[in-house]
Amino acid sequence: MFNLENFDIKLETDIIGRNFIYCDEIISTNSELLSNKQLYKKSGTVLLAEKQLKGKGRKDRTWQSAKGLNLTFSILLKKDIAAALNVNHLNLVASLAVALAIENLYQLRTELKWPNDVLINGKKVAGILIETNIKGSNIERVVIGIGINLNQLVFQGEYNFPPTSLKLETGVNVERETILAEVLNIFEELMINLKKEPGSILADWRSKCKMIGDKITITDGEQSKKGIFYDIDDDGYLLLKRNDVIEKIHFGDVSLH
Ligand code: BTN
């Protein structure tokens, strides 16, 4: 069970998570917050599900997570907050918030993999999927979906990247309320900072992405490109250097070669 009181004591935010909804089973926390506009009207709403029946991953993959052991949740930002923010930057903020929360609480070293995976010892511990509702050229709703593997020990099925969990890395059970509150506290702090100093978020993200400077392959469906991971640009896109030409990459999976 998720102890709401314990979570609430640790939550230090003004907006994020102040409207908190806990549910047992749902199709996908992202789909629910994105499509059910009448029910979820407040920026900062967080929906946590013990089990997603069709959890979504990036690039139409599924996100598999054992019931009650991990964290699968989404944060809603409506246009009152989202309009002033760059969605790509929110991707960086979300992955940084998860990475920093893990480091603060468990003294583990984390690494970020473009665009937004969180790794420990070269394995994926968390993934992020941001989805938007756009009307004309205006953002109506942004949903930041976060899956973090905490106490799951066995991962069956197919994964595009080797998975791990905090329990596999530390050997101890992780208190879900504590890490959720820490992620949301840091997320809000970074989001406020993003408005003032986007450059510092980009710099923090770069410092945790160890692949910058490495030879990589970017794969998008059937297409793949090899080159050097030169940098991320100010919008968070990957810059790939090939034959002295720098190409901006919007989508794809990065692997080392
Ligand atoms: C990825 O790495 O492919 C992204 C995974 C995102 C998973 C989370 S779990 C909560 C939220 N709801 C979903 O359906 N997906 C995201």
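Refer to the structure presented above.
Residues numbered from 1 in each chain as written. Predicted model: local features only at pLDDT ≥ 70, side-chain atom pairs only at ≥ 80, totals over all residues. Heavy atoms only, no water.

**Student:** A description of the site of the ligand should follow, citing residues and the corresponding values.
**Tutor:** What surrounds the ligand is a group of 20 residues, the closest being Ser28, Gln52, Lys56, Arg58 and Lys124. Take Arg58: an N or O atom from its main chain is 2.7 Å from an oxygen atom of the ligand. Across the complex, the protein chains shield 98% of the 410 Å² of accessible surface that the ligand would expose by itself. Elements with a minimum of two residues in the shell around the ligand: helix 2 (29-35), strand 3 (71-78), strand 6 (123-135) and strand 7 (138-148). For the shell around the ligand, the leading source of residues is strand 6, giving four residues. In terms of residue class, the shell around the ligand is made up of five nonpolar, 11 polar and four charged. (Near = heavy atom within 4 Å. Polar contact = N/O pair within 3.5 Å; in protein donor to acceptor, adjacent residues only side chain to side chain. Areas by Shrake-Rupley, 256 points an atom, 1.4 Å probe, with all protein chains shown as cover. Helix = DSSP H or I, 4+ residues; strand = E, 2+ residues; numbered from the N terminus. Nonpolar A, V, L, I, M, F, W, Y, C, P; charged D, E, K, R; others polar.)

**Student:** Residues and numbers for helix 4 (residues 87-106), please.
**Tutor:** Between its first and last C-alpha, helix 4 extends 29 Å over 20 residues, near the 28 Å set by a 1.5 Å rise per residue. Most of helix 4 sits inside the fold, with 14 of its 20 residues counted as buried. Residue Asn86 occupies the N-cap position of helix 4, its side-chain oxygen lying 2.8 Å from the main-chain nitrogen of Asn88. Where helix 4 ends, the next residue or the one after it, Gln107, has phi of about 55 degrees, a positive value. (Expected span 1.5 Å × (residues − 1). Buried < 20%, exposed > 50% of the residue type's maximum accessible area, 1.4 Å probe, protein only.)

**Student:** So what's going on with the pattern of salt bridges? Residues and values would help.
**Tutor:** Going through the model one piece at a time under the given rule, you end up with 19 salt bridges. Among the ionic pairs, Glu247 bridges to Lys225, the shortest N-O distance being 2.5 Å. Taken together, the positions of Glu247 in strand 11 (residues 245-249) and Lys225 in strand 9 (residues 223-232) put the pair 22 residues apart, joining distant regions of the chain. When its relative accessible area of 26% is taken as the criterion, Lys225 is described as partly exposed. One network of salt bridges, in which partners are shared, links Arg58, Lys59, Arg61, Asp220 and Asp253. (Salt bridge = Lys/Arg side-chain N within 4 Å of Asp/Glu carboxyl O.)

**Student:** Explain the packing of helix 4 against helix 7 (residues 198-208) to me, and be specific about the residues and the numbers.
**Tutor:** For the pair helix 4 and helix 7, the least separation of the axes is 10 Å and the interaxial angle reads 55 degrees. Judged on the interaxial angle alone, helix 7 and helix 4 are oblique. Between helix 4 and helix 7 lies a crossing whose hand is left-handed. Contacts from His89, Leu92, Val93, Ser95, Leu96, Ala99, Leu100 and Glu103 in helix 4 reach Pro198, Ile201, Leu202, Asp204, Trp205 and Lys208 in helix 7. (Axes fitted to C-alpha atoms, helices over the stretch in contact; angles between N-to-C directions. Parallel < 35°, antiparallel > 145°, perpendicular 65-115°, else oblique. Left-handed = near helix turned anticlockwise from the far one by under 90°. Contact = heavy atoms within 4.5 Å.)

**Student:** Talk me through the environment of Ile120; I want residue IDs and the actual numbers.
**Tutor:** Relative to the elements of secondary structure, Ile120 occurs in strand 5 (residues 117-120). Counting along the chain gives 45 residues from Ile120 to Ser165, while the straight-line C-alpha distance between them is 8.7 Å. Ignoring anything within four residues of it in the chain, the contact list for Ile120 reads Ile102, Leu108, Arg109, Thr110, Val125, Thr164, Leu166 and Glu169.

**Student:** Before we move on, could you go through the pairing of strand 6 and cite the residues and values that matter?
**Tutor:** As paired elements, strand 5 and strand 6 share three bridges and run antiparallel to each other. Bridge assignment links Leu119 to a residue of strand 6, and that residue is Lys124. Pairing geometry for strand 6 and strand 7, over 10 bridges, is antiparallel. Within strand 7, the residue paired with Ile130 across the bridge is Ile144. Taking the residues that link successive antiparallel strands as the turn, the strand 6-strand 7 hairpin has two residues, and the phi of Gly136 there is positive, at about 60 degrees. (Pairing = 2+ DSSP bridges.)

**Student:** Tell me about the sheet that holds strand 7, and name the residues and values.
**Tutor:** The pairing of strands in a sheet happens through backbone hydrogen bonds and is either parallel or antiparallel. Taken together, the seven strands give an open sheet; going across it, the order is 1-2-3-7-6-5-4, and neighbouring strands pair in mixed fashion. Two strands lie at the open edges of the sheet, namely strand 1 (20-26) and strand 4 (111-113), each paired on one side alone. Strand-to-strand twist of the sheet, defined as the mean angle between neighbouring strand axes without regard to direction, takes the value 20 degrees. Packed on one face of the sheet, helix 4 meets strand 3, strand 4, strand 5, strand 6 and strand 7 and runs near 150 degrees to strand 6. On top of the sheet, helix 6 (residues 176-196) reaches strand 1, strand 2 (46-52), strand 3 and strand 7; it is set at about 30 degrees to strand 3, its chief contact.

**Student:** Explain the packing of aromatic side chains residue by residue, including any values.
**Tutor:** Per the counting criterion, the structure on display carries five aromatic pairs. Here the aromatic rings of Phe7 and Phe20 are separated by 4.5 Å at their centres, their planes lie at 40 degrees, and the arrangement is tilted. Here Phe20 lies in strand 1 and Phe7 lies in helix 1 (residues 4-10), a separation of 13 residues in the sequence. By relative accessible area, which is 2% here, Phe7 ends up buried. The rings of Phe2, Phe7, Phe20 and Tyr22 are connected pair by pair, giving a single aromatic cluster. Its guanidinium or amino end placed over the ring of Phe161, Lys113 lies 4.7 Å from that ring's centre, counting from NZ or CZ. (Phe/Tyr/Trp six-rings, centres within 6.5 Å; stacked < 30°, edge-to-face > 60°. Lys NZ or Arg CZ within 6 Å of the ring centre and 35° of its normal.)

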